[in-house]
Each structure stands twice: as structure tokens, then as C-alpha cells.
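# Descriptive structure summary
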Amino acid sequence: VQLQASGGGLVQAGGSLRLSCAASGRTFSRFVMGWFRQAPGKEREFVAAIRWSGGSTFYANPVKGRFTISRDSAKSTAYLQMNSLKPEDTAVYYCAADSTLISSSIGSPGQYDYWGQGTQVTVSS
């Protein structure tokens, strides 16, 4: 499985960005696609995830109500729409995928087998 993340950039606080994660190499019907982020000096943290089949979504508390994860099955692409961005959202964002996750493990980066390269998101104040 190959994951290609894109869409990062520099935005002012209160602005929006949409990240994309294009997947290839496998059938994703049973996969979970997740987004994580890592700020300098901090551990990688869970942001959001979506079950490819059924579309159930999961969010970390800091982004609930501001970020929306979705997927386009025809394009094998997951999206992270980020609104009302804050300076504390600044980080490198990574997409990840796995085929065997149960709900209680979705927020654990160590449970994901496949990772894309990161894309930098910088929010200025």
C-alpha cells in the first residue's frame, strides 16, 4: 500500500486547508484511514480516522467541530478538511492506513502498518 499526502501549506489563524491522501496498491474496503500530526519536540498524535467501509469517523477532542475527515472511494483518496485553524494546529500531518484495526486502537499510531510522507501545515497568528 502506498499513501501520498498533499495539501499542506501556510495559512493564517482562522483559515482553512484541505489535506488529501491518495492510496494505491490494495483494495481498501476494509481499511481504516487515519490522519496524525507531529509538532516539533512532540510525539505523533491522532487527529482523525475513517473506516473505508461504512464511513464511520473518529476525531481527537482538539479538532472536533473544526476538522472533517471524508473519503472518495472512486478516487481511493481520503481528505481532511481543516477549518478554523489555530497556531497550535501547526505540525507535519501524516496519513496512515491499516486493515485490521478495532475501534479502540484507531488512535494509536503504532497500530497502523502503512504511512504516507508528511505534509507541513503552518498556521500563523
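Let me begin by describing the structure that accompanies this report. Remember, predicted model here, so these are calculated numbers, not experimental data. (Residues numbered from 1 in each chain as written. Predicted model: local features only at pLDDT ≥ 70, side-chain atom pairs only at ≥ 80, totals over all residues. Heavy atoms only, no water.)

As summarised here, the arrangement of the four strands in space is S1-S3-S8-S7, forming an open sheet in which the pairing is antiparallel. Bordering the open sheet on either side are strand S1 (2-6) and strand S7 (67-72), each of which pairs with just one other strand. Averaged over all pairs of adjacent strands, the angle between strand axes in this sheet comes to 15 degrees, irrespective of strand direction. Note: strand S3 (residues 17-24) against strand S8 (residues 77-82), six bridges, orientation antiparallel. Looking at the pairing, alanine 22 lines up with threonine 77 of S8. (Pairing = 2+ DSSP bridges. Helix = DSSP H or I, 4+ residues; strand = E, 2+ residues; numbered from the N terminus. Axes fitted to C-alpha atoms, helices over the stretch in contact; angles between N-to-C directions.)

Another point: the state of the cysteines. Tallied over the entire structure, the rule returns one disulfide. Each disulfide pairs two cysteine sulfurs, and for cysteine 21 the partner residue is cysteine 95, the sulfurs being separated by 2.2 Å. Between cysteine 21 and cysteine 95, the disulfide has an S-S torsion of 65 degrees and is therefore right-handed. With a gap of 74 residues between them, cysteine 21 in strand S3 and cysteine 95 in strand S9 (residues 91-98) connect regions that are remote in the sequence. Here cysteine 21 and cysteine 95 have matching classes, each one buried. (Disulfide = S-S within 2.5 Å. Buried < 20%, exposed > 50% of the residue type's maximum accessible area, 1.4 Å probe, protein only.)

Turning our attention to the environment of serine 56. Among the secondary structure elements, serine 56 is positioned in the loop between strand S5 (45-51) and strand S6 (57-59). Serine 56 gets classed as partly exposed once you look at its relative accessible area, which sits at 38%. Spatially, the C-alpha atom of serine 56 lies 9.3 Å from that of serine 70, the residues being 14 residues apart in sequence. Not counting residues up to four positions away in its chain, the partners in contact with serine 56 are Ala49, Ile50 and Arg51. (Contact = heavy atoms within 4.5 Å.)

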